Amino acid sequence: MHLLRRLRPLYRTEPLADGALVQRMRGHRLESSIRLGPNEWHVAIIHADGTVDDLGISRNLLTTVGRDLLAAGFGNPAGKDGALTASSATSATPAGGGMTVDAYKGWRVYAPVTGLTTAPVYGNIGSNSATVLTIDQWWTAADGVGATPAATNGYHIQPATIARFMALTENAGAASAADTVLTGEITTGGLARAIATYAHTPGAATYTMTKSFSVTASFPAIHKGALFTAANPTAAGVMVFEAVLNADAIVVNGDTLQIVATNTLSG
């Protein structure tokens, strides 16, 4: 085998004004490039021996609940603040209750851990009842695990337009704007929902979210993917984008599944 072929390829994403350019590099050599339009996914499988299966481009669908979330974030409807009466690693209970069920789904709740000089933490709200906010976890600004706020601390809820957690499924159904969950979401084998990497060129109409999954099990037919507002299926949040892969991904232990999603910011 040629020495260069022993190197595992790397993918480099360059956001463009109306899409993105995905380049496959091996060492310092450009092997190939593919141009994504304003709302598409590109998927490739990098095998342990350095060979690549390029699955091509598929459409990235903005869901109805995703549109509603973006409207709330851009329109900035009234948030909510006050004091907590209870908190845990995955929940917060605002004083007074009276919340409309799931009115804050997909939003964020911020709270100080303790004192006036401690940086606040936040949780991505997966759902809410009339009295309790269910969150994925408490986060720091650097994407670390934050401490649970004291049960009587103040809080602030505000809209969020962030869909940064990528998920996958082998479910063979079609994508639909009416979908709210990713049926059969994978939670094992290195393909569990995870943070994707954001990139944007100033002034461009699109941004990209990129994730390389390190596969540790066999999956014969990965069919769809999605971007969510929260980190795990338990507090799932809002599924903002959904895509059927151009071809089902067949992966085994040792493979890398590389996904680049472009999302448009204009019609």
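Each value, and the rule that gives it
Residues numbered from 1 in each chain as written. Predicted model: local features only at pLDDT ≥ 70, side-chain atom pairs only at ≥ 80, totals over all residues. Heavy atoms only, no water. Core = buried A, V, L, I, M, F, W, Y, C linked by side-chain atoms within 4.5 Å. Buried < 20%, exposed > 50% of the residue type's maximum accessible area, 1.4 Å probe, protein only. Helix = DSSP H or I, 4+ residues; strand = E, 2+ residues; numbered from the N terminus. Contact = heavy atoms within 4.5 Å. Pairing = 2+ DSSP bridges. Axes fitted to C-alpha atoms, helices over the stretch in contact; angles between N-to-C directions. Phe/Tyr/Trp six-rings, centres within 6.5 Å; stacked < 30°, edge-to-face > 60°. Lys NZ or Arg CZ within 6 Å of the ring centre and 35° of its normal. Salt bridge = Lys/Arg side-chain N within 4 Å of Asp/Glu carboxyl O.

Asker: Honestly, the nonpolar core in this entry has me stumped. Any pointers?
Answerer: Nonpolar side chains tend toward joint burial in soluble globular proteins. One finds Leu191, Ile222 and Leu257 to be the most contacted residues of the largest nonpolar core, which totals 46 residues. Counting residues per element, this core draws most heavily on strand S18 (residues 239-251), which supplies six residues. Those residues in contact with Leu257 that lie beyond four places of it in its chain are Val43, Ala44, Ile45, Leu168, Leu191, Lys211, Ser212, Phe213, Val215, Ile222, Ala249 and Val251. Formed by nine residues, the second largest nonpolar core is a distinct cluster that contains Phe165, Ala167, Leu182 and Ala226.

Asker: Just checking my understanding: could you explain the sheet that holds strand S8 (residues 91-94) for this structure?
Answerer: For sheets, the rule is that strands pair by backbone hydrogen bonds, running either parallel or antiparallel. The six strands lie next to each other as S7-S8-S11-S10-S9-S12, forming a closed barrel whose pairing is antiparallel. On average, each strand axis in the sheet is inclined to that of its neighbour by 45 degrees, with strand direction left out of account. Sheet topology note: the strand S9 (residues 108-112)/strand S10 (residues 120-128) ladder contains five bridges and is antiparallel. Looking at the pairing, Pro112 lines up with Pro120 of S10.

Asker: Looking at this structure, I do not really get the pairing of strand S12 (residues 154-158). What am I missing?
Answerer: Within a regular beta strand, the side chains point alternately toward one face of the sheet and then the other, so they alternate between its two faces. The alternating pattern of S12 places Tyr155 and Ile157 on a buried face, while none of Gly154, His156 and Gln158, on the opposite face, is buried. Sheet analysis places strand S7 (residues 80-88) next to S12, joined by four bridges and oriented antiparallel. Bridge pairing in S12 links Asp81 to His156. Examined bridge by bridge, S9 and S12 share three bridges and lie antiparallel to one another. Each residue of the ladder has a partner; that of Tyr110, found in S12, is His156.

Asker: Please explain the sheet that holds strand S15 (residues 197-199) as it appears in this structure.
Answerer: Strand order in the open sheet formed by five strands is S5-S4-S19-S16-S15, and the pairing between neighbours is antiparallel. Edge positions in the sheet fall to strand S5 (52-59) and S15, since each of these pairs with one other strand and no more. Across the sheet, the mean angle from the axis of one strand to that of its neighbour is 15 degrees, orientation sign disregarded. Pairing of strand S4 (residues 40-46) with S5, which is carried by seven bridges, proceeds in the antiparallel orientation. Along S5, the bridge assignment pairs Glu40 with Arg59.

Asker: When you look at the packing of aromatic side chains in this model, what are you seeing that I'm missing?
Answerer: Under the counting rule described, the total for this entry stands at four aromatic pairs. Residues Tyr104 and Trp107 carry aromatic rings whose centres are separated by 5.2 Å and whose planes lie at 65 degrees to one another, so their mutual orientation is edge-to-face. Measuring from centroid to centroid gives 5.8 Å for Tyr198 and Tyr207, while their planes differ by 45 degrees, and the two rings are tilted. For Arg164, the ring lying beneath its charged end belongs to Phe165, and the centroid distance is 5.9 Å. One residue, Lys211, lies across the ring of Phe213, its end atom 5.7 Å from the ring centre.

Asker: For this particular structure, what's the right way to read the pattern of salt bridges?
Answerer: It is possible for side chains of opposite charge to pair when their charged atoms get near one another. Within this structure, the stated rule accounts for three salt bridges. The salt bridge partner of Glu242 is Lys224, with a shortest N-O separation of 3.7 Å. Separated by 18 residues along the polypeptide, Glu242 in strand S18 and Lys224 in strand S17 (residues 219-228) bring together distant segments of the chain. We note that Glu242, like Lys224, is buried.

Asker: Where do I start with the pairing of S7 in this structure?
Answerer: Strand direction decides the pairing type here: S7 and S8, joined by four bridges, are antiparallel. Looking at the pairing, Ser87 lines up with Ala92 of S8.

Asker: What am I meant to see in unusual backbone geometry here?
Answerer: Note: most residues except glycine have negative phi, and most peptide bonds are trans. Positive phi values are uncommon outside glycine, yet Asp102 reaches one of about 60 degrees. The backbone of Asp143 shows a phi angle near 70 degrees, a positive value even though the residue is not glycine. Take Asp143: it is sitting in the loop between strand S11 (133-135) and S12. Judged by its relative accessible area of 34%, Asp143 is partly exposed.

Asker: Which parts of the structure should I look at to understand the environment of Pro120?
Answerer: Examined against the element boundaries, Pro120 turns out to sit in strand S10. With 29 residues separating them along the chain, Pro120 and Pro149 place their C-alpha atoms 8.4 Å apart. Excluding residues within four positions of it along the chain, Pro120 makes contact with Ala111 and Pro112.

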